[in-house]
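Chain and residue survey
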Amino acid sequence: MRIPIDTFRLANGLFVTLSEDHSAPIVAVNLWYHVGSANEREGRTGFAHLFEHMLFQGSAHVGTNEHFETIQRAGGTLNGSTWLERTNYFETVPSNHLESILWLEADRMGYLLPGMTQQKLDLQRDVVKNERRWSVDNQPYGTWLERLDALCFPPTHPFHHSLIGSMADLSAASLEDVASFFRTFYTPDNAVLSIAGDFDPAAARAAIDRYFGHIPRGPGKPPLPDMMLPPTFGERRREVVPDAVALPRLFLAFRSPVFGSDDYYAASVCGAVLGMRRGSRLYRALVREQQLAQEIGAFTFDLAKGADLLVIDAVARPGVSGAELEHAVGREVDRLREERVTAEEVERAVALIEADIVNAMQSAGERADQLSKFATFFGDPRLVNEQVDRYKAVTARAVDAFAQARLDEDNRASLLYVPRAAESVAQDVLAEATA
Amino acid sequence: MSTASFATRPLPGEPRPYAFPRFERRTLSNGITLVVAPVHRLPIVTVIAVTDAGSVADPLGREGLASLVAAMLAEGTASMDGEMLALRFERLGTSFSAYADWDVGVASMTVTRSHLADALALFAETLTAPSFPARELERLKAERLAELLQLRTEPRGLADEMMAHFVYAPESRFARPMAGGAAAVEAITARDVGELYTARYRAGGTTIVMAGDVSTDDALALLEESFGVWGGSAPAPIAVVDAPSPGARTVHVVTKADAPQSEIRVAHVGIPRIHPDYFRVTVMNAVLGGLFSSRINLNLRERNAYTYGARSEFDWRRAAGPFVVSTAVASEATAAATREILAEIDRMRSEPITEEELTLATSYMSGVFPIRYETTAAIATALANLVVYGLDDSYFDTYRANIESVTTTDVLEAAQRHLHPERLRIVVIGDPAEVAGPLAALDAGPVSLYDAEGSPLGS
């Protein structure tokens, strides 16, 4: 399936993608700012995400909470999210409200700072601290993302530090940090605006010109440090975390090719052969046959800079130690390297991936987000229409080549959670790791 | 640079009309009801089969049986084992999913039009000729026991389970977990599975919904071919006990030592899905805690920063599901947050909401309606619910008018009739050392303490 795509760029650098579809009277607006936790400075971990919260706190012409209320009153849905490389803001509304949404987004891109106060910052800081408690500190395995990033990326690398941030760094964030982050990164030339759904292209273009056209270009953002990494870790990495969990859980990560590269698609298919749904190798072997795992899956982070990660995520059955789980997963990965992947396995994986892509494209919000993603990372939203073909071009031999190059012992990083009560299990694993 | 263009906001244009997709009902020769919504935007079809085999059908002491029966549909048939079934579905680019909710068993898949006939043949085989292999039953039981073990360290899920336990009368099925507790699951045998399947998975008690790139005639022909051999009349309806646990307002603290946050549930038994006050209650709940801009969320999150989020909901079932306020707050804010929740519930009952609050809720619910039905899966799910609850076929066409007709007086009366502060159960998963004292000082009801497994420790 292909969706229609039109693009243009305003004089101030704002890149716009439009995709019409009049099957329902709804329209999605999506903004990607090319800034994420990777752009944070030392001592300010978590700031990109805290800043995302501040964008809902009003701007020069929009009051506190008014952004949410205006869109909900229109019958729309909205949110924002922060990731290592980008921050996005998105809403889907009845199509007659498009212009109001563009106005709201433009007001916070152009005139955020007059709406900022110390009180708002203090309040959102506390909300974010509660978000950290909820999603990380009071949730079993909740620290996995920050631990895995720290384990897999070198200390100086922009992907190394915590996305949600430390409590201390969150406490240290000041109003001046908000202002300088805004001036540096929230500029039209560092953003992509996508609109998908029911709209009139000429009217949309006129509204975009009217509301975004006079926002000045930014001063230019500081370049990220060199993010290139060798293709493998070059060593076996392992971290064992005794924690308040009931069952051992393993995150086994492999450094893998960056999102969008030819090799990325082979890596993604390899991940699906290993861990996508019940017909995958890991599910069949560890959940169904050997009954060593309770759940198992595999996924990629989809990082576009430096290096991506392919991750296997497995939860042990009761009575199975972390060491046994890790050993069993490792055995299946070894088997994949030793026995060739079959064409049938690749077909199953690609059929599932293709179906997921087509399914997702039913939603206007999803189409707009994908357009922003490819425009932000590659300057070419038309790549959205090539995804299925690129997956279909992956051969069993390409998956084998990926497995040979990237799934060996020297490119494996284990993050293994074990129940704190079972200290002996952790000791066993540590003993094995140092043996 | 001028900000003049921002001084006046753009006004919305004329809304474009929207209608929920047209759908038709048919009956197969063996009694299966078919509902088809032809939507030809993309070459995909969602298929959902609902059978009268929800968890309310679980026998006493075998809670979790209906969930296991649904899950076992994917574990083997007369001609294929579970692994082969999964592979066959997945090579067609689809996955078969089956589960039981309180009211019905639900089997579903979304598949491209070109694979629909092949996928339907597999789909029909899982429902009409499951083999229930003993080895897979033991495995699924063990996986459920592991899930229960995980729940002890997972405060959100534990809070939901404990809430149901304290809200409903002990004899209510709703007081126990949908997928069953450890003793009940361990007791389930292959014979139980076979008996529930035979009693409740029957053509006459099954509706199949198809939404997407298929015509009604094609759907009917495909189903006659794949499901034609199945038989059985509709099973008898089940009498459900949805009575509340007796007594006035109480506070229950379940121990999670050193928890940095408390998971809070404030709940009582609500009303059944089919109720004359449904629209009034839905709008009332939106204002109270259903929206981001609701009273409870603005109070707890945006005014007091106690939490990342707080919400309220009526959990709709054929019988009366719970009304629940849910949030997680910093441990030291537990009593204060509880006090604010109780105050918001009281305020809802003591004074009318403003016209602005009313229109925020009604214009949101009316406006968001077409956004909810973007996908074939969402359309099919909506139609399945129509069947499960026995709603009128005009339900979707009159939904927006029904929402918009609710008044501030309706909301006040709905709050007075359906919010019951005096019989709330306040359930906290947290650190008793930190929260028990302040909760007792709140005077919201007697405070009882429980260990991490939910066994009473005293007051």
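Structure's up top.
My aim in this report is to walk through the structure given alongside it, one point at a time. (Residues numbered from 1 in each chain as written. Chains lettered and ligands numbered in written order. Predicted model: local features only at pLDDT ≥ 70, side-chain atom pairs only at ≥ 80, totals over all residues. Heavy atoms only, no water.)

**Focus: the overall build of chain B**
Quick note on the threshold: Per the convention used, a helix needs a DSSP run of H or I reaching at least four residues, while a strand needs a run of E reaching at least two, with both numbered from the N terminus. Here the globule rule reads 2.2 Å times residues to the power 0.38, and the radius of gyration is calculated from C-alpha atoms. Each residue's exposure class comes from its accessible area (1.4 Å probe, protein chains only) as a fraction of the maximum for that residue type: buried when under 20%, exposed when over 50%, partly exposed otherwise. The accessible surface values rely on the Shrake-Rupley method and a 1.4 Å probe; as for residues, cover is taken only from the protein chains in view. Charge counting follows a simple rule: Lys and Arg are positive, Asp and Glu are negative, and His as well as the terminal groups are ignored. Working definition for charges: the position is that of NZ of Lys, CZ of Arg, CG of Asp or CD of Glu.
Secondary structure assignment for chain B yields 18 helices and 13 strands. Over its C-alpha trace chain B gives a radius of gyration of 24 Å, about what one expects of a compact globule, namely 23 Å for 459 residues. The burial tally for chain B puts 58% of its 459 residues in the buried class. When the accessible surface of chain B is split by element, carbon and sulfur atoms take 54% of a total near 17300 Å². Once the 40 positive and 57 negative side-chain charges of chain B are each reduced to a mean point, those two points are 1 Å apart.

**Brief notes about the pattern of salt bridges**
Spelled out, the test is: Throughout this description, the term salt bridge denotes a Lys or Arg side-chain nitrogen within 4 Å of a carboxyl oxygen of Asp or Glu.
Under the definition given, this model contains 63 salt bridges over all chains. The shortest N-O distance in the salt bridge between Arg 284 of chain A and Glu 83 of chain B comes to 3.1 Å. With one member in each of two chains, Arg 284 of chain A in helix H10 (residues 281-289) and Glu 83 of chain B in helix H3 (residues 82-91) form a pair that bridges those chains. In this structure, Arg 173 of chain B and Asp 58 of chain B form a salt bridge, with 2.7 Å as the shortest nitrogen-oxygen distance. Of this pair, Arg 173 of chain B sits in the loop between helix H6 (155-167) and helix H7 (182-187) while Asp 58 of chain B sits in the loop between strand S3 (44-51) and helix H2 (65-72); the two residues are 115 residues apart in sequence, bridging distant segments of the chain. You'll find Arg 173 of chain B and Asp 58 of chain B in the same group, each marked buried. Because the salt bridges share partners, they merge into one network encompassing Arg 278 and Arg 288 of chain A together with Glu 75, Arg 135, Glu 136, Arg 139 and Glu 143 of chain B.

**So, the packing of helix H10 (residues 278-290) of chain B against helix H12 (residues 334-350) of chain B**
Residues and elements named next belong to chain B. Where we set the bar: Lines fitted to the C-alpha atoms define the axes, with helices restricted to the stretch that makes contact. Angles between their N-to-C directions range from 0 to 180 degrees. Crossings are classed by handedness, with left-handed meaning an anticlockwise turn of the near helix from the far one by less than a right angle and right-handed meaning a clockwise turn. The contact rule is simple, with two residues in contact once any of their heavy atoms fall within 4.5 Å. Classes in brief: Ala, Val, Leu, Ile, Met, Phe, Trp, Tyr, Cys and Pro nonpolar; Asp, Glu, Lys and Arg charged; the others, Gly included, polar.
Two elements in contact, H10 and H12, have axes separated by 11 Å at closest approach and are oriented at 145°. Between H10 and H12 lies a crossing whose hand is right-handed. For the pair formed by H10 and H12, the contact residues are Met 284, Val 287 and Leu 288 on the first element and Glu 344, Ile 345 and Met 348 on the second. The residue inventory of the contact of H10 with H12, partitioned by class, reads five nonpolar, no polar and one charged.

**Re unusual backbone geometry**
Leave glycine aside and you will find that most residues have negative phi; peptide bonds, for their part, are mostly trans. A positive phi angle, near 65°, is found at Tyr 141 of chain A, a position not held by glycine. Mapped onto the elements of the fold, Tyr 141 of chain A is located in the loop between helix H4 (118-137) and helix H5 (144-152). Positive phi outside glycine occurs at Asp 443 of chain B, with the angle close to 60°. Relative to the helices and strands, Asp 443 of chain B resides in the loop between helix H18 (432-441) and strand S12 (447-450).

**Quick notes on the pairing of strand S6 (residues 191-197) of chain A**
Residues and elements named next belong to chain A. The criterion, for reference: DSSP bridges decide pairing: two strands pair if at least two such bridges lie between them.
Most of S6 is tucked away: seven of the seven residues are buried. In terms of strand pairing, strand S2 (residues 15-20) meets S6 through six bridges, oriented parallel. The residue of S6 that forms the bridge with Thr 17 is Ser 194. Both strand S3 (residues 26-33) and S6 contribute to a ladder of seven bridges, which runs antiparallel. Across the sheet, the residue bridging to Val 27 is Gly 197, located in S6.

**Side note on the sheet that holds S12 of chain B**
Strands pair in a sheet through their backbones, by hydrogen bonds, and they do so in one of two ways: parallel or antiparallel. Residue and element names in this part refer to chain B. Ordered by their spatial adjacency, seven strands build an open sheet running S9-S10-S8-S11-S7-S12-S13, and the pairing between neighbours is mixed. If you trace the sheet from one side to the other, it starts and ends with strand S9 (307-314) and strand S13 (456-458), each paired once. Here the strands of the sheet are splayed against their neighbours by 20° on average, with no regard to which way each runs. In the sheet, strand S7 (residues 250-255) pairs with strand S11 (residues 425-430) via six bridges, with the strands oriented parallel. Across the sheet, residue Val 253 finds its bridge partner in S11, namely Val 428. Relative to strand S8 (residues 261-269), H6 is tilted by about 30°, and along the sheet it contacts S7, S8, strand S10 (322-330), S11 and S12.

**So, the nonpolar core**
All names here are of chain B. To be explicit about the condition: As used here, the term nonpolar core means buried Ala, Val, Leu, Ile, Met, Phe, Trp, Tyr and Cys residues forming a set that is joined through side-chain atoms within 4.5 Å. Start and end points for every domain follow an automatic or database-based domain assignment.
One finds Phe 20, Val 266, Met 348, Tyr 373, Leu 383, Phe 396 and Leu 419 to be the most contacted residues of the largest nonpolar core, which totals 81 residues. Built from parts of two domains, this core gets at least three residues from each of domain 1 (24-227) and domain 2 (250-379 + 391-458). Setting aside residues up to four positions removed in sequence, Tyr 373 forms contacts with Tyr 18, Phe 20, Ala 378, Ile 379, Ala 382 and Phe 396.

**Brief notes about the interface of chain A and chain B**
Where interface size is given, it is often the accessible area lost as the parts come together that is meant. Condition: Defined in terms of a 1.4 Å probe, buried area is the accessible area two parts forfeit on being brought together, summed over both. Polar contacts, as used here, are pairs of N or O atoms within 3.5 Å; protein pairs need one atom able to donate a hydrogen and one able to accept it. Residues neighboring in sequence count only if both atoms are side-chain atoms.
At the junction of the two partners, chain A supplies 82 residues and chain B supplies 74 residues. Here chain A packs against chain B, burying approximately 6900 Å² in sum over the two surfaces, 55% of which is carbon and sulfur. Counting across the chain A and chain B interface gives nine salt bridges. Between Glu 75 of chain B and Arg 288 of chain A there is a salt bridge; the shortest N-O distance is 2.8 Å. There are 37 residue pairs in polar contact (both at pLDDT 80 or more) connecting chain A and chain B.

**Digging into the packing of H3 of chain B against helix H4 (residues 116-128) of chain B**
Helix packing geometry: the angle between the two helix axes and the distance between the axes. Residues and elements named next belong to chain B. Which entries qualify depends on this criterion: Here is the rule for angles: anything less than 35 degrees is roughly parallel, anything more than 145 is roughly antiparallel, 65 through 115 is roughly perpendicular, and the remaining ranges are oblique.
As a packed pair, H3 and H4 sit with axes 10 Å apart at the nearest point and diverge in direction by 150°. Between H3 and H4, the interaxial angle falls into the category roughly antiparallel. In this structure, H3 crosses over H4, and the sense of that crossing is left-handed. Here Leu 85, Arg 88 and Phe 89 of H3 come into contact with H4, specifically with Ala 119, Leu 122, Phe 123 and Thr 126.

Take it as geometry only, folks, not as evidence of what the structure does.
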